[in-house]
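Inside the fold
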Amino acid sequence: MRLSDEQYERAKQTVADIIYDYDLKYPINIFDLAEEMGFAVVPYSFYGDNREMLVNYSKDGFNQFLKSECTHFIYYNDAEEYDTRINFTIAHEIGHIVLNCNDNSDESNSLADFFAAYLLAPAVLIIDKNLSSSEEIRKYFGVGYKVSKNSLNRVVKRLTCNRPYTEYEKFIIQSQK
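Residues numbered from 1 in each chain as written. Predicted model: local features only at pLDDT ≥ 70, side-chain atom pairs only at ≥ 80, totals over all residues. Heavy atoms only, no water.

1. Some thoughts on the overall build of the chain
Condition: What counts as a helix is a DSSP run of H or I of at least four residues, what counts as a strand is a run of E of at least two, and both are numbered from the N terminus. Think of it in three bands: with a 1.4 Å probe and only protein chains considered, a residue is buried below 20% of the maximum accessible area for its type, exposed above 50%, and partly exposed in between. What makes two residues a contact is simply this: any of their non-hydrogen atoms within 4.5 Å. Residue-level accessible areas treat just the shown protein chains as cover; the underlying method is Shrake-Rupley with a 1.4 Å probe. All tallies of charge rest on Lys and Arg as positive and Asp and Glu as negative; His and the ends of each chain are not included. Charge coordinates come from a single atom per side chain, which is NZ of Lys, CZ of Arg, CG of Asp or CD of Glu.
Summing up its helical and strand segments, the chain has 9 helices and 3 strands in all. Secondary structure elements of the chain, listed N to C terminal, follow the sequence α-α-β-α-β-β-α-α-α-α-α-α. For the chain, the spread of C-alpha atoms along the principal axes amounts to about 50 × 30 × 30 Å. Going through the 177 residues of the chain one by one, you find that 46% of them count as buried. When contacts within the chain are restricted to residue pairs at least 6 apart in sequence, long-range pairs at least 24 apart make up 60% of them. Working note: accessible area of the chain is about 9900 Å², and carbon and sulfur atoms make up 48% of it. If the 19 positive side-chain charges of the chain are averaged to one point and the 27 negative ones to another, these points end up 8 Å apart.

This is the structure:
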């Protein structure tokens, strides 16, 4: 689903804010970031025999705010065979939380997907590091094939339009020097 330019910019600015607030260096450890942000990250296996109930609710993961704990919980399917998929799921759920888009609509999920991909592999860093293939992106950022391919497509579009960097993009690049 195509999002508005404002939604993309909001997600990218939020990523820049997180990079600043948590002094992130790439590649990032999404578990450490979630913990630093105050989120509890819980694998489905924690629930033993009830694990299947969680998988039926969401194959990959979901988040929930528990008022009694005053904490956001991110639940993820730890039976997933690829760590890169688990990392993306956790980043996706962080996106839902920080962008306040938890209505489970296609638009909210597209926004959280974009946020997750940009958090894990910001396009401006791909350009700055001169990474020119999805394989290079996968190796440098530790992301999966789909994220690396989509990120590379965004880089090509970005380079094609030849627009100057925003202030937050300049910050993202400088933060990794």
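2. Overview of unusual backbone geometry
A cis geometry characterises the amide bond from Tyr-26 onward to Pro-27, with omega recorded as 0°. Mapped onto the fold, Pro-27 is located in the loop between α1 (5-21) and α2 (30-36). Despite not being glycine, Asn-100 shows a phi value in the positive range, around 55°. The topology assignment puts Asn-100 in the loop between α4 (83-98) and α5 (106-120). With a relative accessible area of 68%, Asn-100 lands in the exposed category.

3. Things to note about the environment of Ala-11
By the secondary structure assignment, Ala-11 is in helix α1. Sequence separation between Ala-11 and Ile-127 is 116 residues; the distance between their C-alpha atoms is 19 Å.

4. A word on the confidence of the model for the chain
To keep things clear, this is the line we draw: A residue's pLDDT is simply how confident the predictor is in it, with values from 0 to 100.
Per-residue pLDDT for the chain has a mean of 95; in total, 100% of the residues score no lower than 70. Here helix α3 (residues 51-57) stands out as the element of the chain with the lowest mean pLDDT, 92, in contrast to α2, whose mean of 98 is the highest.

5. As for the sheet that holds strand β1 (residues 40-43)
Under the convention used in this document: A pair of strands is labelled paired if DSSP reports no fewer than 2 bridges between them. Here, axes are lines fitted to C-alpha atoms. For helices the fit covers the stretch in contact, and angles between N-to-C directions go from 0 to 180 degrees.
Spatially, 3 strands are ordered β1-β3-β2 in an open sheet, and the strand pairing comes out mixed. Two strands in the sheet have a free side with no partner beyond their single neighbour: β1 and β2 (61-66). Strand-to-strand, the axes of this sheet are offset by a mean angle of 25°, without reference to chain direction. Pairing geometry for β2 and strand β3 (residues 71-76), over 6 bridges, is antiparallel.

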